[in-house]
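Coordinates in review
Residue strings, one per chain:
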Amino acid sequence: MPQLSLDIPHELSEGEAARRLKEKFDAARAQYHDRISEFQEQWQDGIFSFAFKALGMAISGTVGVE
């Protein structure tokens, strides 16, 4: 399976970075609700895990907030 790994430097607090990330995922889910199904998300200790289906493909990943 293809993988993508990114490091994005920032000067935000961990809480603010997590809040913005959640806000962006919520906005994308709302915007593409008709194309995304079976969306799952979980936050645990600064790690955001997600999974969904889009256009018949299963997509999953994790984002670490530091």
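Residues numbered from 1 in each chain as written. Predicted model: local features only at pLDDT ≥ 70, side-chain atom pairs only at ≥ 80, totals over all residues. Heavy atoms only, no water.

Looking at the pattern of salt bridges
Pairing of side chains with opposite charge becomes possible as their charged atoms draw close. The test is simple: Definition used for salt bridges: Asp or Glu carboxyl oxygen within 4 Å of a side-chain nitrogen of Lys or Arg. Numbering of helices and strands starts at the N terminus; helices are DSSP runs of H or I of at least 4 residues and strands are runs of E of at least 2.
Applying the stated rule across the entire model yields eight salt bridges. Where Arg19 meets Glu16, a salt bridge forms, and the shortest distance between an N and an O atom there is 2.7 Å. Within this pair, Arg19 and its partner Glu16 are both found in helix α1 (residues 14–31), separated by three residues, close to a single helical turn. For the salt bridge of Asp26 with Lys22, the shortest nitrogen-to-oxygen distance reads 3.7 Å. With Asp26 and Lys22 both in helix α1, this residue pair falls four residues apart, about one helical turn. When salt bridges with common partners are traced through the structure, they connect Glu16, Arg19, Arg20 and Glu23 into a single cluster.

A look at the pairing of strand β2 (residues 47–54)
Quick reminder of the rule: Burial classification: accessible surface area is computed with a 1.4 Å probe over protein chains only, and a residue below 20% of its type maximum counts as buried, one above 50% as exposed, and the rest as partly exposed. Whether two strands pair depends on DSSP finding at least two bridges between them.
Residues Phe48, Phe50, Phe52 and Ala54 of β2 are buried on one face, while the alternating residues Ile47, Ser49, Ala51 and Lys53, pointing to the opposite face, are not. As paired elements, strand β1 (residues 36–44) and β2 share seven bridges and run antiparallel to each other. Across the sheet, residue Gln42 finds its bridge partner in β2, namely Ser49. Taking the residues between adjacent antiparallel strands as the criterion, β1 and β2 are bridged by two residues, where Asp45 takes a positive phi near 50°. Bridge count between β2 and strand β3 (residues 57–64): eight bridges; the pairing is antiparallel.

Some points on a nonpolar patch on the surface
Basically, it comes down to this: Patch members must show over 30% relative accessible area and no salt bridge, and they are joined within 9 Å when carrying like charges or within 5 Å when they are nonpolar side chains of Val, Leu, Ile, Met, Phe, Trp or Tyr. Here the Shrake-Rupley method, with its probe set to 1.4 Å, supplies the accessible areas, and only the displayed protein chains count as covering residues.
On the surface, Leu4, Leu6 and Ile8 cluster together into a nonpolar patch covering about 400 Å² of accessible area. Note that Leu4 resides in the segment before α1. Judged by its relative accessible area of 74%, Leu4 is exposed.

So, the sheet that holds β1
Definition in use: Orientation is described by lines fitted to C-alpha atoms, with helices fitted over the stretch in contact, and by angles between N-to-C directions that extend from 0 to 180 degrees.
The strand order across the open sheet formed by three strands is β1-β2-β3, and the pairing between neighbours is antiparallel. Because the sheet does not close on itself, it has two edges, and the strands there are β1 and β3. Ignoring strand direction, the axes of neighbouring strands in this sheet form an average angle of 10°.

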